[in-house]
Amino acid sequence: MKKWLLLLLFIAAAWGFYEGADEGDAIQTKGRTAAEPPSSTARVTDFFHTVMEGVSDLPIGEDASKDTPAPEEAETALPAEAPQKAPTPRTTKPQGESSVLSDLNDLFHFKEAVERRLDRSQFVPSEDIPQLLKNAVVAAEDRRFYEHGAIDVMSVGRAAVANYMAGTTVEGGSTISQQTVKNLFLSSERTMSRKVRELFLAMQLENTYTKDQILEIYLNTIYFGHGAYGIGEACRTYFGKEPKDLTVSECAMIAGLPQAPSAYDPIDHPEEAKKRQAIVLMLMAREGYIKPEEAAKAGMEAVLK
């Protein structure tokens, strides 16, 4: 209960400061020319806005470009997204706008709400997903996944500082749990109400499912590009095999896709896919999942055979 109250106080304080500073800065902007630099109030406002963005959906919401990689999360610039046919998702979201009543119902009957949105007939069960692939995804998307709860405060803080200093989005801070509930329950609208809902839903996800179960849901519902939703369909689309048969090189390739599925699609963008694969292999070696020599050998393999 204390953690929930502290979270609410943090959200309220940040939101109140953001709104107040935003209105004050808008009044000041009327008498300022375009050539003038933003005020200190505006820069602090941007910082708090970045914190709130980082808590919710920086990595996935808009396929954040990482042109200026930070040492902890090295990334490469993303190419332009190529138009693709609309894929069929593995989740079923309710139609129409949500209401307070429906939100409360989802929170109090959370497991039932999750299961209604899943098509488990298409799932690859956790035991059929190799540990190496799970490790690759954790290293690429949320390296402290097994250590933190619904929110990774360290990651959010690091992302907020990095993005504030760079003046643009260079690093994300959302967790696999946040990404999972966003895929299941929420739209991609970037509003404070959606961010608050995401936080509460992510907490419920962590309280209801184990880490391995969360990772299983995530891997079976996330979009991997080229019309492929879910890990099974992605492996068959790109490599013509099941997840259990993937090599180290292929695990790294698949794990690199969720950040920007169309941009890193190895069929349409093999060069960018290879760069992303190299980064994931480096992250896997850094986390101790593979040896540096294994990473180097895997990086020499062809993108697609």
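Rules and cut-offs
- Here the residue index of a chain counts from 1 through its sequence in written order.
- Local features in this predicted model are restricted to residues whose pLDDT is 70 or higher, and side-chain atom pairs enter the listing and the counts only when it is 80 or higher, whereas totals over whole chains, interfaces and linings include all residues.
- Just so you know, side-chain values use all the structure's heavy atoms and leave hydrogens and water out.
- A run of H or I in DSSP counts as a helix once it spans at least four residues, and a run of E counts as a strand once it spans at least two, with each numbered from the N terminus.
- Relative accessibility thresholds used throughout: buried, under 20% of the residue-type maximum; exposed, over 50%; partly exposed, between the two (1.4 Å probe, protein chains only).
- Any two residues having at least one pair of non-hydrogen atoms within 4.5 Å are treated as being in contact.
- Salt bridges are defined by distance alone: a side-chain nitrogen of Lys or Arg within 4 Å of a carboxyl oxygen of Asp or Glu.
- By convention a nonpolar core is built from buried Ala, Val, Leu, Ile, Met, Phe, Trp, Tyr and Cys residues, the set being connected through side-chain atoms within 4.5 Å.
- The reported arc concerns the directions from the helix axis to the C-beta atoms and nothing else.
- Angular values range over 0 to 180 degrees, each being the angle between N-to-C directions of two axes fitted as lines to C-alpha atoms, with helices fitted over their stretch in contact.
- Working rule for angles: under 35 degrees goes down as roughly parallel, over 145 as roughly antiparallel, 65 to 115 as roughly perpendicular, anything else as oblique.
- Basically, the charged four are Asp, Glu, Lys and Arg, the nonpolar ten are Ala, Val, Leu, Ile, Met, Phe, Trp, Tyr, Cys and Pro, and anything else, Gly included, counts as polar.
- Values of pLDDT, ranging from 0 to 100, describe the predictor's confidence in every residue of the model.

1. Regarding the overall build of the chain
So, point 1. The helix and strand inventory of the chain stands at 13 helices and 0 strands.
So, point 2. Listing the helices and strands of the chain from first to last along the sequence gives α-α-α-α-α-α-α-α-α-α-α-α-α.
So, point 3. The buried share of the chain, taken over its 305 residues, is 49%.
So, point 4. A sequence separation of at least 24 residues applies to 71% of the contacts in the chain between residues at least 6 apart.

2. Structural notes on the pattern of salt bridges
So, point 1. Summed over all chains, the structure comprises 14 salt bridges.
So, point 2. Here R286 and E287 are joined by a salt bridge, their closest N and O atoms 3.3 Å apart.
So, point 3. Residue classification places R286 among the partly exposed residues on the basis of a relative accessible area of 37%.
So, point 4. On the basis of relative accessibility, which here comes to 27%, the residue E287 falls in the partly exposed class.
So, point 5. Each of D106, R116 and R117 takes part in salt bridges that share partners, so that together they form one network.

3. Focus: the nonpolar core
So, point 1. In terms of nonpolar packing, the biggest core is built from 61 residues, with F185, I231 and I254 touching the most fellow members.
So, point 2. Apart from residues no more than four positions distant in its own chain, I231 is found in contact with V124, I129, L133, L219, N220, F224, P243 and I254.

4. Quick notes on helix α10 (residues 231-239)
So, point 1. Of the residues making up α10, those classed as buried are I231, G232, A234, C235, Y238 and F239. Looking straight down α10, one finds its buried side chains confined to an arc of 165°; they lie on one side.
So, point 2. Against α5 (131-141), α9 (211-221) and α11 (248-255) lie the buried residues of α10.
So, point 3. Positive phi shows up at G240, right after α10, with a value of about 65°.

5. Here's the deal with the packing of α5 against α9
So, point 1. Contact geometry of α5 with α9 gives a least axis separation of 12 Å together with a crossing angle of 85°. Viewed along their axes, α5 and α9 adopt a mutual orientation that is roughly perpendicular. On α9, the residues touching K134, V137, V138 and E141 of α5 are L215, Y218 and L219.
So, point 2. Here the residues of the contact of α5 with α9 sort into 5 nonpolar, no polar and 2 charged.

6. Remarks on the side chain of S126
So, point 1. Structurally, the position occupied by S126 is in the loop between α4 (110-116) and α5.
So, point 2. With relative accessibility at 15%, the residue S126 sits in the buried group.

7. Examining the environment of V303
So, point 1. With respect to the secondary-structure elements, V303 resides in the segment after α13 (292-299).
So, point 2. Measuring from C-alpha to C-alpha, the distance between V303 and E271 comes to 8.5 Å, with 32 residues separating the pair along the chain.
So, point 3. Once residues lying within four places of it in the same chain are set aside, the contact partners of V303 are F239, M253, P266, P270, A273 and K274.

8. Things to note about the side chain of H148
So, point 1. Locating H148 in the fold gives a position in the loop between α5 and α6 (153-166).
So, point 2. In contact with H148, not counting residues within four places along its chain, are D142, T175, E206 and K211.

9. Brief notes about the confidence of the model for the chain
So, point 1. Overall, the prediction assigns the chain a mean pLDDT of 75, with 64% of residues at 70 or greater.
So, point 2. Every residue in residues 12-86 is under pLDDT 50, and counting partners more than four places away or in other chains gives 138 contacts.

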